[in-house]
Amino acid sequence: MDEEVLKILSKEKNNLQNILKFAKNINKYQNDPLNNLYKIKQEVVKIEKTLKQSKLEDFVKGEMEKFIQSIKSKVIEWEEDTKKTFGQKLENELRKLGFELRGHYPLLKVSFYTLEVDLENFKVLIWYGPQQEKLDTCKLVPEEVVKKLNTIHKKLTQRHFNDDEFLSKVYEAYRISVYRQNKKIGDQIPISDILFEYVFLIQDKKFKINPTKNNYKEYSRVFFSYDLYRLKERRLNDMELNLITATRAYTRKKSDFLWIPSNEKGDGNYISHIKFREVRT
């Protein structure tokens, strides 16, 4: 037999075996479609791709295409069921920890956070603020989402914090930035510059002696945002901290502004600059 014919037969044998395997997987996953929706979609794509490159008889292709269409119609229903059951379970699990779930798919709101639900890829992206800072990604499983969110929330909110210490360091960062930029006290300084200087001011002595990654004390944009939110005292002697709301020109680039919450529900403002102004009692 011609070598080329043998190659075609061998390839078709592999195609048939693969299609059979993918179809069996779909049948297995249909026993629990809501938790296997992503896998079912993947198997459907694999079958469609294999059918396109196959030289199978029209009858076999036709039957497989009917099978795929029936699965696709079910996927639409399963997606709606997934939204409903995921949302209900998520709300119940969050309520146990004192969180309130708000919003609509694909963006759900929980306190300072946004949950971006990606049904297509069976995952949830966890953001700080209105999709400002990406914090983590997890599977579309309510218990896993809540566990990660709770860990993130504790890490953010349970850090040591003292109003006077924080405000003093922010003012020092402001003074350094004023000096570096040849400006004067009372002028506005980009918030990103303040953060840059602040991060170095809070490092331990061991980092200043040996500035390695292991000695670096983590402090992110999210930490700075939350600390500015929870700061109650804005006055340091005769100087008062002012946060300057970003104009449209300063919201084009993420590095030019910082989202800062204004309450526990996740409302907030975009801040582009910081200044300290002198106040008299």
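Structure shown above.
Residues numbered from 1 in each chain as written. Predicted model: local features only at pLDDT ≥ 70, side-chain atom pairs only at ≥ 80, totals over all residues. Heavy atoms only, no water.

Visitor: Describe in detail the sheet that holds strand β1 (residues 101–104), supporting the description with residues and values.
Guide: Strand order in the open sheet made by the 5 strands is β1-β2-β3-β4-β5, with antiparallel pairing throughout. The two strands at the open ends of the sheet, each matched to only one other strand, are β1 and β5 (133–139). Taken over all neighbouring pairs, the strand axes of this sheet differ in orientation by 25° on average, direction set aside. By the bridge criterion, 4 bridges tie strand β2 (residues 107–110) to strand β3 (residues 113–118) in an arrangement that is antiparallel. Across the sheet, Lys109 pairs through a bridge with Thr114, a residue of β3. (Pairing = 2+ DSSP bridges. Helix = DSSP H or I, 4+ residues; strand = E, 2+ residues; numbered from the N terminus. Axes fitted to C-alpha atoms, helices over the stretch in contact; angles between N-to-C directions.)

Visitor: Lay out unusual backbone geometry in plain terms, naming residues and giving numbers.
Guide: A cis geometry characterises the amide bond from Tyr105 onward to Pro106, with omega recorded as 5°. Tracing the backbone shows Pro106 in the loop between β1 and β2. Unusually for a residue other than glycine, Ser111 sits at a positive phi of about 55°. The phi angle at Asn237 is positive, at roughly 60°, despite the residue not being glycine. Inspection of the secondary structure assignment puts Asn237 in the loop between β7 (235–236) and β8 (239–245).

Visitor: Before we move on, can you summarise the packing of aromatic side chains with the specific residues and values?
Guide: Any pair of aromatic rings gets described here by the distance separating the centres and the angle formed by the planes. Taken as a whole and assessed by the stated rule, the structure comprises 20 aromatic pairs. A centroid spacing of 6.4 Å and a plane angle of 25° characterise the contact between Tyr171 and Tyr174, whose relative ring orientation is stacked. With Tyr171 and Tyr174 both in helix α5 (residues 163–180) and 3 residues apart, the pair spans about one turn of that helix. Of the two residues examined, Tyr171 and Tyr174, each falls in the buried class. Ring geometry for Phe200 and Phe207: centres 6.5 Å apart, planes at 50°, overall tilted. Judged by relative accessible area, which is 43%, Phe200 ranks as partly exposed. Relative accessible area serves as the criterion here: at 10%, Phe207 is assigned to the buried category. One aromatic cluster is present, built from ring pairs that chain together Phe112, Tyr113, Tyr128, Tyr226, Tyr229 and Trp259. It is Arg159 that lies over the ring of Phe223; its NZ or CZ is 4.1 Å from the centre. (Phe/Tyr/Trp six-rings, centres within 6.5 Å; stacked < 30°, edge-to-face > 60°. Buried < 20%, exposed > 50% of the residue type's maximum accessible area, 1.4 Å probe, protein only. Lys NZ or Arg CZ within 6 Å of the ring centre and 35° of its normal.)

These figures capture arrangement, not role.
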